[in-house]
Amino acid sequence: MYRSHNCGELNASHINTEVTLAGWVQKSRDKGFMNWVDLRDRYGITQLIFDESRTEKTVFELAKTLGREFVIQVKGTVIERESKNTTIPTGEIEINVSELNTLNEALTPPFTIEDNTDGGDDIRMKYRYLDLRRNNVRGNLMLRHQIAFETRRYLDQLGFIEVETPVLQPIPGGASARPFITHHNALDIPLYMRVANELYLKRLIVGGFEGVYEFSKNFRNEGMDRTHNPEFTAMEIYVTKPSVLKRLSKELP
């Protein structure tokens, strides 16, 4: 079994439970006769304890070799933590490790994988796959997912239909004043352009759909600098049903 629990769910109710965890080494604190390791996954952090008097010698010595971002798997018993940490959900417990398996070693990361990291924007973007392991970055992605999920759930209750319209349309066409033009791989001439998606959504309304919406990819080819992204996501809603319009006017700001 790869893991029995994640690193964010264990608490005092699990004391004396045998568990298997896996994740990245956040940091370790070696006191000679005792070693503490913070194990991290996408759900949280759990503290591991390696005690010279209780831990098998080979496991104890292996724990001393762990570095930041090593990927490990541990088995052990949930015990009450003497010095509790009230800032994390797992702060009341720690794992008395009996088995340790190093799944993958890692070089020292170029910046600390923490909320208040010491890495600047340039280096974090260069190693974006490491930056994505930080709680605040992951939290932003999860928040975006939750907003989109709740929006879809809400509109589904109102009878809306989610659609997907074309991103590119053969020239001529389009409503944007400065459209993006793409080139064919074989022919050095512009063939397709981005078309405003409301043209398609309006056709659906004319076709009898009383409520449609789309999370669409949009592009801009103006003001290109480090503060402007050439693409972004927008939401388009079209509705004609009177009862839905009345409800939306009351519930939405």
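Here the structure is shown first, and the text comes after it.
The paragraphs below set out a description of the structure included in this document. Bear in mind the structure is a predicted one, so any value in this text is a computation, not a measurement.

### Here's the deal with the environment of V59
With respect to the helices and strands, V59 occurs in helix α1 (residues 57–63). For the pair V59 and L100, spaced 41 residues apart in the sequence, the C-alpha separation amounts to 6.1 Å. If we skip the residues at most four places from it in the chain, V59 touches F50, V97, S98, E99 and L100.

### Comments concerning the pairing of strand β1 (residues 18–30)
For β1 and strand β4 (residues 71–80), the ladder comprises seven bridges, and the chain directions are antiparallel. Residue T20 lies in a different strand from β4, and its bridge partner there is K75. Sheet analysis places β1 next to strand β2 (residues 34–41), joined by six bridges and oriented antiparallel. Within β2, the residue paired with K27 across the bridge is D38.

### Digging into the sheet that holds strand β5 (residues 93–104)
Pairing within the closed barrel is mixed, and its five strands lie in the order β1-β2-β3-β5-β4. On average, adjacent strands in this sheet sit at an angle of 55 degrees to one another, irrespective of strand direction.

### A closer look at the sheet that holds strand β10 (residues 211–219)
Here we have three strands laid out as an open sheet, ordered β6-β10-β11, and mixed in their pairing. A strand with exactly one partner marks an edge of an open sheet, and here the two such strands are β6 (161–162) and β11 (231–239). With two bridges connecting them, β6 and β10 associate as parallel partners. Each bridged residue has a counterpart across the sheet, and for E162 the counterpart in β10 is Y213. Where helix α4 (residues 135–157) meets the sheet, it contacts β6, β10 and β11, and its direction lies at approximately 150 degrees from that of β10. In this fold helix α5 (residues 198–206) packs onto β10 and β11, with an angle of close to 20 degrees to the strand it touches most, β11.

### A closer look at the side chain of T77
Its place among the elements puts T77 in strand β4. Only 2.5 Å separates the side chain of T77 from the side chain of E18, close enough to count as a polar contact. Beyond its immediate sequence surroundings of up to four residues, T77 is in contact with N16, T17, E18, E94, I95 and N96.

### Some thoughts on the packing of aromatic side chains
One pass over the full model with this rule turns up three aromatic pairs. A ring pair is formed by F160 and Y213, whose centres lie 6.4 Å apart and whose planes are at 65 degrees; its orientation type is edge-to-face. Taken together, the residues F160 in the loop between α4 and β6 and Y213 in strand β10 connect sequence positions 53 residues apart. Assigned by exposure class, F160 and Y213 land together as buried. With 6.1 Å between their ring centres and 85 degrees between their planes, Y213 and F215 make a pair best called edge-to-face. Three or more aromatic residues joined by ring pairs make a cluster, and in this case those are F160, Y213 and F215.

### Considerations on the environment of T233
Among the structural elements, T233 can be located in strand β11. The spatial distance from the C-alpha of T233 to the C-alpha of N218 is 5.9 Å, given a sequence separation of 15 residues. Those residues in contact with T233 that lie beyond four places of it in its chain are R144, F215, S216 and K217. Of the polar contacts made by the side chain of T233, one reaches the side chain of K217; its length is 3.4 Å.

### Regarding the nonpolar core
Core analysis: the largest hydrophobic core is formed by 21 residues, its most contacted members being L48, F50, I72, V74, I95 and L100. For this core, the secondary-structure elements that each account for two or more residues are β1, β2, β3 (44–51), α1, β4 and β5. No other element matches the four residues that β5 contributes to this core. Excluding residues within four positions of it along the chain, L48 makes contact with N35, W36, V37, L39, I72, V74, I95 and V97. Counting residues in hydrophobic clusters, the runner-up holds eight residues, among them L158, Y213, V239 and V244.

### Things to note about the pattern of salt bridges
Following the criterion strictly, the structure yields 14 salt bridges and no others. Two residues, R68 and E114, come together in a salt bridge whose shortest N-O distance is 3.8 Å. Within this pair, whereas R68 is found in the loop between α1 and β4, its partner E114 is found in the loop between β5 and α2 (121–126), the two being separated by 46 residues in sequence. Assessed through its relative accessible area of 31%, R68 is described here as partly exposed. For R152, the salt bridge goes to E162, with nearest N and O atoms at 2.9 Å. Of this pair, R152 sits in helix α4 while E162 sits in strand β6; the two residues are 10 residues apart in sequence, bridging distant segments of the chain. For R152, a relative accessible area of 32% translates into the label partly exposed. Assessed through its relative accessible area of 37%, E162 is described here as partly exposed. Ionic contacts of the salt-bridge type, sharing partners, join the residues D121, R124, R128, D131 and R134 into one network.

How each quantity is defined
Residues numbered from 1 in each chain as written. Predicted model: local features only at pLDDT ≥ 70, side-chain atom pairs only at ≥ 80, totals over all residues. Heavy atoms only, no water. Helix = DSSP H or I, 4+ residues; strand = E, 2+ residues; numbered from the N terminus. Contact = heavy atoms within 4.5 Å. Pairing = 2+ DSSP bridges. Axes fitted to C-alpha atoms, helices over the stretch in contact; angles between N-to-C directions. Polar contact = N/O pair within 3.5 Å; in protein donor to acceptor, adjacent residues only side chain to side chain. Phe/Tyr/Trp six-rings, centres within 6.5 Å; stacked < 30°, edge-to-face > 60°. Buried < 20%, exposed > 50% of the residue type's maximum accessible area, 1.4 Å probe, protein only. Core = buried A, V, L, I, M, F, W, Y, C linked by side-chain atoms within 4.5 Å. Salt bridge = Lys/Arg side-chain N within 4 Å of Asp/Glu carboxyl O.

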